[in-house]
Amino acid sequence: MTTPAPRHIPAHAPGPLPGAEPKPVRLGGPLAVIFWCCCGITALPLAGLFTLIAEFGVAGARSALFDSFAGPGLQQQVLRFGLVPQVLLFVWAATVVVLTVAKARIAITLLPWMLVAVVAASAYGQFAIRDAISPDGADLGAFAALMPGLLAQAVGAATFFGYFREGRRPQAYYIRG
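Quick look at the structure, then.

So, the overall build of the protein chain
Line of reasoning, step 1. The secondary structure content of the protein chain amounts to five helices and zero strands.
Line of reasoning, step 2. Counted from the first residue to the last, the protein chain has its helices and strands arranged as α-α-α-α-α.
Line of reasoning, step 3. Relative to its full complement of 177 residues, the protein chain shows a buried share of 24%.
Line of reasoning, step 4. Expressed as a percentage of contacts within the protein chain between residues at least 6 apart in sequence, the contacts between residues at least 24 apart total 69%.
Line of reasoning, step 5. Carbon and sulfur atoms make up 70% of the accessible area of the protein chain, which totals about 12000 Å².

Next comes the structure, spelled out in structure tokens:
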């Protein structure tokens, strides 16, 4: 009877094969499209504000902006109702840009809920504008006219919510605490 040959035990545990190191996660795919769209959403109002300041100076720009929103008139009321969702969208987009550059993990939770707030403010603003401009207030016709757009916004927000909750790229990209 022969004894089996001793097994060779390596001095250290085997490591990954050369070239098999994990690739660093980079901004790409739908996440990159969302990021660059948010850069545009953030840049356009800032460019408009800086153009207004360059044209009229700080005091003139402030006066033009506040005079546009002040007053009880229908135009000012509609402008205020329409501006709230736009301001929230701007804040959401700027937050997307900052948290994406920082790779902040809180983005996965915070950004979808912020977009839900934008959709809710948009729905409220659209119905409030319709109510303000209709002689008899908002009715079933207003509801029917506004629902396709509101449903599309809700579907977009739900898709974004799901992508950030379940999507592989956002889960891997946002890595900082």
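Some points on the environment of Arg165
Line of reasoning, step 1. One can find Arg165 in helix α4 (residues 140-166).
Line of reasoning, step 2. Residues Arg165 and Pro112, 53 residues apart in the sequence, show an inter-C-alpha distance of 8.8 Å.

Describing the packing of aromatic side chains
Line of reasoning, step 1. This model, assessed by the stated rule, comprises nine aromatic pairs.
Line of reasoning, step 2. Taking the centre distance of 5.0 Å and the plane angle of 75 degrees together, the rings of Phe35 and Trp36 count as edge-to-face.
Line of reasoning, step 3. You can call Trp36 exposed: its relative accessible area is 58%.

Section: helix α1 (residues 29-69)
Line of reasoning, step 1. An ideal rise of 1.5 Å per residue puts 60 Å on 41 residues; α1 reaches only 40 Å between its terminal C-alpha atoms.
Line of reasoning, step 2. The sharpest bend along α1 reaches about 115 degrees and sits at Gly57.
Line of reasoning, step 3. Among the residues of α1, those classed as buried are Leu31, Ala32, Ile34, Phe35, Cys38, Thr42 and Ala61.
Line of reasoning, step 4. Along its buried surface, α1 packs onto α2 (74-102), α4 and α5 (168-173).
Line of reasoning, step 5. Note on α1: the residue one or two positions beyond its end, Gly71, has a positive phi of about 105 degrees.

So, the state of the cysteines
Line of reasoning, step 1. Under the criterion given, the structure shown has zero disulfides.
Line of reasoning, step 2. No disulfide involves Cys38; its sulfur sits 7.0 Å from that of Cys37, the nearest cysteine.
Line of reasoning, step 3. Given a relative accessible area of 1%, Cys38 falls into the buried group.

Some thoughts on the nonpolar core
Generally speaking, a soluble globular protein has its nonpolar side chains buried in company with each other.
Line of reasoning, step 1. The biggest cluster of nonpolar side chains holds 23 residues, and the ones touching the most others in it are Cys38, Trp92, Leu111, Phe160, Phe164 and Tyr174.
Line of reasoning, step 2. Secondary-structure elements contributing two or more residues to this core are α1, α2, α3 (107-133) and α4.
Line of reasoning, step 3. Examining the composition of this core, we find that seven residues originate from one element, α3, more than from any other.
Line of reasoning, step 4. Setting aside anything within four residues of it in sequence, one finds Tyr174 in contact with Leu31, Leu99, Thr100, Lys103, Ala104, Arg105, Ala107, Ile108, Leu111 and Phe164.

Some remarks on the layout of surface pockets
Line of reasoning, step 1. The space that makes up the largest pocket amounts to roughly 370 Å³.
Line of reasoning, step 2. Looking at the largest pocket, the residues that line it are Ile41, Pro45, Leu46, Leu49, Leu52, Leu65, Phe69, Leu83, Gln86, Val87, Leu89 and Phe90.
Line of reasoning, step 3. Of all the elements in the fold, those that place two or more residues in the lining of the largest pocket are α1 and α2.
Line of reasoning, step 4. A per-element tally of the lining of the largest pocket places α1 first, with seven residues.
Line of reasoning, step 5. Residues of the lining of the largest pocket, tallied by class, amount to eleven nonpolar, one polar and no charged.

About the criteria used
- Residues numbered from 1 in each chain as written.
- Predicted model: local features only at pLDDT ≥ 70, side-chain atom pairs only at ≥ 80, totals over all residues.
- Heavy atoms only, no water.
- Helix = DSSP H or I, 4+ residues; strand = E, 2+ residues; numbered from the N terminus.
- Buried < 20%, exposed > 50% of the residue type's maximum accessible area, 1.4 Å probe, protein only.
- Contact = heavy atoms within 4.5 Å.
- Areas by Shrake-Rupley, 256 points an atom, 1.4 Å probe, with all protein chains shown as cover.
- Phe/Tyr/Trp six-rings, centres within 6.5 Å; stacked < 30°, edge-to-face > 60°.
- Expected span 1.5 Å × (residues − 1).
- Bend = angle between axes of the 7 residues up to and from the residue.
- Disulfide = S-S within 2.5 Å.
- Core = buried A, V, L, I, M, F, W, Y, C linked by side-chain atoms within 4.5 Å.
- 1 Å grid on protein atoms, 1.4 Å probe; cavity = no way out; pocket = protein on both sides within 12 Å on 5 of 7 lines; lining within 4 Å.
- Points joined across faces, edges and corners; volume = space filled by probe spheres on them.
- Nonpolar A, V, L, I, M, F, W, Y, C, P; charged D, E, K, R; others polar.

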